[in-house]
Amino acid sequence: MSTANEIRQTFFQECDELLEALDDGLCEIDEGIADESFDLETVNAVFRAVHSIKGGAAAFGLDALVHFAHQFETVLDVMRAGELTPNDDVMKVCHRAADHLSDLVAAGRDNEIVEGELGTEIAAKLIGLVAGSECAEPGNDTESETFVFVPLGLPIPTNTDNGNQELTLSRFCVRFTPSAGLYASGNDTSLLFRELSELGELEVTVETDRLPDLKNIDPGESYLSWVVILLTEESEQSLREVFEFVDGLCELQISLDLDATMHEGPSDATKDVVDEARASTGVPEEESTSPTMVSASSPDSGTERAKPATGPKATVRVNLDLVDRLINMVGELVINQAVLTQCIKDAGLLDRGELSTSLAEFRNLARDIQESVMAIRAQSVKPLFQRMARIVREASELSGKDADFLTEGETTEVDKTIIERLVDPLTHMIRNAVDHGLEPPEQRRAAGKAETGHVKLTAAHRSGRVLIEVSDDGAGINREKVFQIAVEKGLIPGDSILKDAEIDNLLFLPGFSTAKEVSNLSGRGVGMDVVRSAIQKLGGRVSIFSQPGKGTTMSISLPLTLAVLDGMVVDVAGQTMVVPITAIVETLRPKAEDIHPLGADNQVVSVRNKLVPVIDLGVVFGHRRTPAPISDMVLLLVESDGSESWALAVDQIFDQRQVVIKGLETNYGHVPGVAAATILGDGNIALIIDPEETAHRSGPVADVGDRARLEEV
Amino acid sequence: MAETQIADSGLRELVTFRVGQQDFCIDIMMVREIRGWTPATILPHAPPFVLGVINLRGSVVPIVDLSARLGLRPSEPDDRHVIVIAVVGTQTVGFLVNAVADIIGINQSEVQPTPDVASDATRAFIEGVIVTEERMLRVIDIKTVLPKSMETAEAG
């Protein structure tokens, strides 16, 4: 059972790769349309991707998926035969089909059923495409025939051969020699023959020449081969389809009418090339002598089987848990190294030249290993961007606004977890960009812009962080309206005087939604505040920049990884704690005259004429009962995204360093004001402070709702 | 899961230890390791019986003072105290005890229901008692002595 599950899991993982390749290919064809450079190999790659998904899906009984993939495949097949020239309309349908295919894959994975309507609609469009050109390969269409509606277009009579083939009985000779691997993977030859017998009259002869004596027999080995004579109306293609799932596990020779010249190796490549040859020449019977023969061992077919249509980069699929464990252990190694260094230092041996040199080398090695291991978790943002392309397509369809989607920096690598958690916020931002950002076509024309709007998604590395930007060339933020709505909703007092940037930031307030009507796309009132808290949870910040009439840009700045952060190691009433450096604006040692008591036990410090509330971390975390005199302490000025600031009072600053983040949630639970824990050089644990949460908990304006949302992991 | 399997076969192995002046035991399948006391990093806002967290080869493991948890006197941990690291589901927790005594094998039928006389605070954490050679062993229901999830932790 678990093996079956594993295989299933592998299939879906492969599907993800294949869908990515599919999307890639379609985009490439898209680009090809413009300059009319039509690369057949790309279409082939796309075809193979769909074909592989279909093949796998059939093995797992995902009928809906198989069915749809088959229709899609038929269209692509016609396309690669050159009978359907891809244009914008065709590609639109193909993109939709690819989207739907990925839906079906997801549904298959979650054992769900996708609502029929959309699928039927797209399927009908696909069939329409085929009908519009030519119905290719009748033998291939056994499944779609069951529900195909009669094609309206007249078939262009270029390929008379198909017609002939359907009517005449052909006599095929199939020589089938299974390898041991065929049996090992659970295939059964009798089932194959049974399937063949459905195609026509069958005569099977078994060849036992290679069968050794009983005492020499190896039960795992394959000794038998078969010669099958099949009298059928079907094309050779249909015959080969029967053997589709034992592809590569057997030697298969199919020849017409006992023809002596046979081609070997039933690999995909052979088949594909042969198909092409046939489609272009229209004489399938000649393929055996045609120069397009490709042997199964050719490198082309080898790579293709492993990973269709993705670049030459070899990859390994590894369980994420294993990687995490490795990261953990490497983290330990680094700590251990620090402890060792300390011990040697304490023993007074550090002056010995050789020892200190190798110790330094050890340290560098440990760091290098740590960095490399961290890099394993990094992934390119490409799949994420591809998902977003789909969101744009859907959003532009629903909103009736044409939108072009541009991406930049797809190869930027970010921690896998970050990518996963970015999906929802980015989806929201992209939808917003199309729905709210872009103006309707008439308005765009009036403003002298092209009717088709542009939504751009970029990713780049900036000083140790990842910067992701979503921009549109729409009307920009209507600040007056935003201000008015914020006042109406009671989010700000009516007489507030706000700067442009401050008005833009109002969009991030909970419960703010500018859409007058709740549209299908956005405007449910759970808007940008959720986006912001999701980004903040990842240790990132989101900001907004808008130019009236020119468009809006939203930037997300994220850490490269969730596994480490730069922290300031501080002393809080005898306890060592870590404050994330990203939160700290500045550190200061206050003068006594800058500190003013406010109320019973609150104090504020004046920093360049601005009064900032002081929070004694020792008191907040219960490490001391009564506040220590602030003037003896160091203040860390922290700022929230809402431009609130606080001064966190600590006893002293020890150090500034990169720390490995260790979750508290698994073994314990959430600790208020604490983001996570880390292990220090001496092996002890220090808690990492969440400055905003700490401040909110101690401050008078505890934003409980917001906190609660942030706390759920 | 391991627990139920053992219960089915009837045979159980238990690690016995001393907390305060009393003998307790837990199922050996729960115990991952036993180690000496090391000072823990204090967790703010934690219930009094949570002494803090320690570094167990790279994972952050909370330490529960079993004595305080069972309603006995809070311990003052020193070098002679021992931490029993237990794994319950996905959670790894350390329990501070006075000393680990030995490992005993018993039949599930030997576990008697907790007598009514026991105080409520202690009884809630005990699934039964075993009487052997003049000793009474209290079998701890480990799930109940875990530090509760964050809501409870925050309240405490």
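Residues numbered from 1 in each chain as written. Chains lettered and ligands numbered in written order. Predicted model: local features only at pLDDT ≥ 70, side-chain atom pairs only at ≥ 80, totals over all residues.

Participant: Sorry if this is basic, but what is going on with the overall build of chain A here?
Facilitator: When you go through chain A residue by residue, the secondary structure sums to 22 helices and 22 strands. Counting over 713 residues, chain A shows a buried share of 35%. Within chain A, contacts between residues separated by at least 24 positions form 68% of all contacts whose residues are at least 6 apart in sequence. (Helix = DSSP H or I, 4+ residues; strand = E, 2+ residues; numbered from the N terminus. Buried ≥ 20, exposed ≤ 12 C-beta atoms within 10 Å, placed from the backbone. Contact = placed C-beta atoms within 7 Å.)

Participant: So what exactly am I meant to see when it comes to the overall build of chain B here?
Facilitator: Across its full length, chain B carries 5 helices and 10 strands. Considering chain B as a whole, with its 156 residues, one finds that 31% of them fall into the buried category. The long-range fraction of contacts in chain B, counting pairs at least 24 apart against all pairs at least 6 apart in sequence, stands at 56%.

Participant: Looking at this model, I keep getting lost on the sheet that holds strand E2 (residues 22–27) of chain B. Mind explaining?
Facilitator: Strand pairs in the sheet, formed through backbone hydrogen bonds, run parallel or antiparallel to each other. Residues and elements named next belong to chain B. Sheet architecture is open: 5 strands sit in the order E8-E1-E2-E10-E9, paired in mixed fashion. Only two strands of the sheet have a single neighbouring strand rather than two, namely strand E8 (99–107) and strand E9 (126–132). Strand-to-strand twist across the sheet, computed as the mean angle between neighbouring axes with direction ignored, equals 35 degrees. Two strands pair when backbone bridges link them, and E2 and strand E10 (residues 135–140) are joined in this way by 3 bridges, in the parallel orientation. Bridging across to E10, Asp23 finds its partner in Leu137. (Pairing = 2+ DSSP bridges. Axes fitted to C-alpha atoms, helices over the stretch in contact; angles between N-to-C directions.)

Participant: Just to check I follow, could you spell out unusual backbone geometry for this structure?
Facilitator: When glycine is set aside, most residues are seen to have a negative phi, and most peptide bonds are trans. Residue and element names in this part refer to chain A. Of note, the phi angle at Arg608 is positive, near 45 degrees, even though the residue is not glycine. As for its position among the elements, Arg608 is in the loop between strand E16 (602–607) and strand E17 (610–616). Despite not being glycine, Asn609 has its phi angle at roughly 65 degrees, a positive value.

Participant: Would you mind going over the interface of chain B and chain A with me for this structure?
Facilitator: Accessible area lost on assembly of the parts is the figure often given for the size of an interface. Taken residue by residue, the interface counts 23 residues in chain B and 26 residues in chain A. Among the elements of the structure, strand E4 (50–56), strand E5 (59–65), strand E7 (91–97) and helix H5 (150–155) of chain B are those that each provide at least two residues to the side of chain B that touches chain A. At 4 residues, E5(B) tops the list of elements feeding residues into the side of chain B that touches chain A. Residues belonging to the side of chain B that touches chain A are distributed by class as follows: 12 nonpolar, 9 polar and 2 charged. (Nonpolar A, V, L, I, M, F, W, Y, C, P; charged D, E, K, R; others polar.)

Participant: Can you help me understand the sheet that holds strand E21 (residues 674–679) of chain A in this one?
Facilitator: Residue and element names in this part refer to chain A. The 5 strands are arranged E20-E12-E13-E22-E21 in an open sheet whose pairing can be described as mixed. Single-partner strands in this sheet number two, and they are strand E20 (652–660) and E21. For this sheet the average axis-to-axis angle between neighbouring strands, irrespective of direction, equals 35 degrees. Bridge count for strand E13 (residues 575–580) against strand E22 (residues 685–689) is 2 bridges, and the pairing is parallel. Paired with Met577 across the bridge in E22 is Leu687.

Participant: Looking at this structure, I do not really get the confidence of the model for chain B. What am I missing?
Facilitator: For any part of a model where pLDDT is low, the fine detail of the predicted coordinates should not be relied upon. Residues and elements named next belong to chain B. Looking at chain B, pLDDT values average 82 and 85% of them are 70 or higher. The low-confidence segment residues 1–7 (pLDDT under 50) makes 7 contacts with residues lying over four places distant or belonging to another chain. Across the interface, the model reports ipTM at 0.82; the global pTM reads 0.52. (pLDDT = per-residue confidence, 0-100.)

Participant: So what exactly am I meant to see when it comes to the confidence of the model for chain A here?
Facilitator: All names here are of chain A. Averaged over all residues, the pLDDT of chain A equals 75, while 80% of them reach at least 70. Overall, residues 134–166 carries pLDDT values under 50, and its contacts beyond four positions in sequence, including any with other chains, amount to 40 contacts. Confidence over residues 516–525 falls short of pLDDT 50; this stretch has 19 contacts with residues more than four positions distant or in other chains.

Participant: Honestly, the nonpolar core in this entry has me stumped. Any pointers?
Facilitator: Side chains that are nonpolar tend, in soluble globular proteins, to be buried together. The biggest cluster of nonpolar side chains holds 79 residues, and the ones touching the most others in it are A:Leu617, A:Ala647, A:Leu648, A:Ala649 and B:Val53. When neighbours within four sequence positions are excluded, A:Leu648 is seen to be in contact with A:Val579, A:Ile615, A:Leu617, A:Leu635, A:Leu636, A:Val638 and A:Pro691. Membership of the second largest hydrophobic core comes to 41 residues, among which are A:Leu22, A:Ile29, A:Phe47 and A:Leu101. (Core = buried A, V, L, I, M, F, W, Y, C linked by C-beta atoms within 7 Å.)

Participant: I keep staring at helix H14 (residues 382–399) of chain A and nothing clicks. Help me out?
Facilitator: Note that an α-helix has 3.6 residues per turn; residues three or four places apart therefore point the same way. Residue and element names in this part refer to chain A. With 18 residues, H14 ought to run about 26 Å at 1.5 Å a step, and its terminal C-alpha atoms sit 25 Å apart, in line with that. Every buried residue of H14 is accounted for by Leu384, Phe385, Gln386, Met388, Ala389, Ile391, Val392, Ala395 and Ser396. Immediately beyond the C-terminal end of H14, within one or two residues, lies Gly400, with a positive phi of roughly 70 degrees. (Expected span 1.5 Å × (residues − 1).)

Participant: Explain the packing of H14(A) against helix H15 (residues 416–437) of chain A to me, please; I cannot follow it from the model alone.
Facilitator: A packed helix pair is summarised by two numbers, namely the angle formed by the two axes and the spacing between the axes. All names here are of chain A. It is at 9 Å that the axes of H14 and H15 come closest, and there the two elements cross at 30 degrees. When the axis of H14 is compared with that of H15, the two are roughly parallel. At the point where H14 passes H15, the crossing takes the right-handed sense. Across from Leu384, Arg387, Met388, Ile391, Val392, Ala395, Ser396 and Ser399 in H14, the residues of H15 making contact are Ile419, Leu422, Val423, Leu426, Thr427, Ile430, Arg431, Val434 and Asp435. Taken together, the residues of the contact of H14 with H15 sort by class into 11 nonpolar, 3 polar and 3 charged. (Parallel < 35°, antiparallel > 145°, perpendicular 65-115°, else oblique. Left-handed = near helix turned anticlockwise from the far one by under 90°.)

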